[in-house]
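Below, each chain spelled out in residue letters.
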Amino acid sequence: MRMVIAAVGRLRQGPEAKLIADYLDRHAKAGRALGLPPVTLAEVEDKRGGGMVAEAALLARAIPQGAALVVLDERGQMLSSPEFAARIAGWRDQARDVAFVIGGADGIDPGLRDGADLAISFGRMVWPHMLVRVMLAEQIYRATTILAGNPYHRE
Ligand SMILES: C[S@@+](CC[C@H](N)C(=O)[O-])C[C@H]1O[C@@H](n2cnc3c(N)ncnc32)[C@H](O)[C@@H]1O
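Bear in mind that the values here come from a model prediction, so they are computed numbers and not experimental data.

Conventions and cut-offs
Residues numbered from 1 in each chain as written. Predicted model: local features only at pLDDT ≥ 70, side-chain atom pairs only at ≥ 80, totals over all residues. Heavy atoms only, no water. Near = heavy atom within 4 Å. Polar contact = N/O pair within 3.5 Å; in protein donor to acceptor, adjacent residues only side chain to side chain. Areas by Shrake-Rupley, 256 points an atom, 1.4 Å probe, with all protein chains shown as cover. Helix = DSSP H or I, 4+ residues; strand = E, 2+ residues; numbered from the N terminus. Nonpolar A, V, L, I, M, F, W, Y, C, P; charged D, E, K, R; others polar. Patch = residues over 30% accessible without salt bridge, like charges linked within 9 Å, V, L, I, M, F, W, Y side chains within 5 Å. Salt bridge = Lys/Arg side-chain N within 4 Å of Asp/Glu carboxyl O. Contact = heavy atoms within 4.5 Å. Pairing = 2+ DSSP bridges. Axes fitted to C-alpha atoms, helices over the stretch in contact; angles between N-to-C directions.

Our focus in this paragraph is the site of the ligand. Near the ligand there are 20 residues, and of these L72, F122, G123, M125 and W127 occur at the shortest range. Between the ligand and L72 there is a distance of 2.6 Å, counted from an oxygen atom to a backbone nitrogen or oxygen. Isolated, the ligand exposes 560 Å² of accessible area, and the fraction of that covered by the protein chains is 88%. Mapped onto the shell around the ligand, the elements with two or more residues apiece are β3 (68–77) and α5 (129–148). With 4 residues, β3 is the largest single contributor of residues to the shell around the ligand. Broken down by class, the residue content of the shell around the ligand amounts to 10 nonpolar, 6 polar and 4 charged.

On to a nonpolar patch on the surface. Together, M125, W127 and L131 make up a nonpolar patch on the protein surface, roughly 320 Å² of accessible area in all. Counting through the fold element by element, L131 comes out in helix α5.

What follows deals with the side chain of R142. In this fold, R142 is placed in helix α5. Once you skip the residues sitting within four places of it in the chain, R142 turns out to touch S81, Y152 and H153.

Taking strand neighbours across the sheet as the criterion, the 5 strands line up as β2-β1-β4-β3-β5 in an open arrangement whose pairing is parallel. Of all strands in the sheet, those bounded by a partner on one side alone are β2 (39–44) and β5 (118–120). Taking the axes of each pair of neighbouring strands and ignoring which way they run, one obtains an average angle of 30° across the sheet. Looking at chain direction, β3 and strand β4 (residues 98–102) are connected through 4 bridges and run parallel. Note that in β4 the partner of V70 across the bridge is F100.

Following this line, the structure appears as structure tokens:
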């Protein structure tokens, strides 16, 4: 199994990058005993102004063949953290790669978005894509602690 975050835009050093690195590092350590791999981050950027269509082509190249495609989209499903953890455990048990896709300023091209296995919403409000990366990294770490039975997550 591989876990990939494919995202539009390059994140400079700063508070968001530190938080993402911290959560993904914690996930990598806690996930080892659970058979969960570290998350790799693939950043894509279209410098030719090709918009969502060009970004979608770059994102598609970063997604492992056959991976469960999970798009982050404000129109998607709102899952609880335990539900999200159960989805991750399911892909792990099927030995299936999973790719989380975060769009750019205009969102994710429907050609990519409509083929997703799952669309996850962090609420109906639109968040900046860099914050969505932070929230996703935290939820992946949280999911790992849920699967490990670690008390980080409380209801
Ligand atoms: C600035 S938003 C783009 C919003 C754009 N208007 C759209 O239609 O998707 C950049 C990316 O952040 C993610 N995003 C923003 N808000 C979100 C939310 N509430 N839930 C899940 N993902 C979100 C999506 O991947 C989106 O493509």
